[in-house]
Amino acid sequence: MPSTTVAVGSSIGLHARPAATIAEAVSAAGVPVTLAVAGGEPVDAGSALLIMTLGATAGTEVIVTSDDPGTLDKVAGLVASDLDA
């Protein structure tokens, strides 16, 4: 499955608000997407709760994986954005 690595752009990390925004985008896309941190197990990016279990803080590199290139780019862009702004 294709993947890309991006740094978390939200100043407080992937807490409830950014996680919910990402999960909503994944659910709307209707294709599987996973997120993982180095050395960690991938989690379903359609679940805000699972995204928060990554413990990803600002600047943490997150691996975004999906078979759909458009969704991969969109979710990677969300992870890299400051969703708290």
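All values derive from a computational prediction rather than experimental measurement. (Residues numbered from 1 in each chain as written. Predicted model: local features only at pLDDT ≥ 70, side-chain atom pairs only at ≥ 80, totals over all residues. Heavy atoms only, no water.)

**Student:** Residue-level account of the nonpolar core, with values.
**Tutor:** The biggest cluster of nonpolar side chains holds 24 residues, and the ones touching the most others in it are I22, L35, V62, V64, V75 and V79. Elements supplying a minimum of two residues to this core: α1 (16–29), β2 (33–37), β4 (61–66) and α3 (69–80). Once residues within four sequence positions are removed from consideration, V75 is found in contact with I22, V26, V33, L35 and V64. (Core = buried A, V, L, I, M, F, W, Y, C linked by side-chain atoms within 4.5 Å. Buried < 20%, exposed > 50% of the residue type's maximum accessible area, 1.4 Å probe, protein only. Helix = DSSP H or I, 4+ residues; strand = E, 2+ residues; numbered from the N terminus. Contact = heavy atoms within 4.5 Å.)

**Student:** Please provide a residue-by-residue account of the pattern of salt bridges, values included.
**Tutor:** Tallied over the entire structure, the rule returns one salt bridge. Put simply, R17 and D84 hold a salt bridge, and the shortest N to O gap is 3.6 Å. Highlighted residues: R17 in helix α1 and D84 in the segment after α3, separated in sequence by 67 residues. Owing to a relative accessible area of 22%, D84 belongs among the partly exposed residues under this scheme. (Salt bridge = Lys/Arg side-chain N within 4 Å of Asp/Glu carboxyl O.)

**Student:** Go over the pairing of β2, please, and point to the residues and values.
**Tutor:** For β2, the buried fraction is high: four of the five residues fall into the buried class. Pairing geometry for β2 and β4, over five bridges, is antiparallel. Within β4, the position partnered with V37 by the bridge is V62. Strand direction decides the pairing type here: β2 and strand β3 (residues 43–44), joined by two bridges, are antiparallel. (Pairing = 2+ DSSP bridges.)

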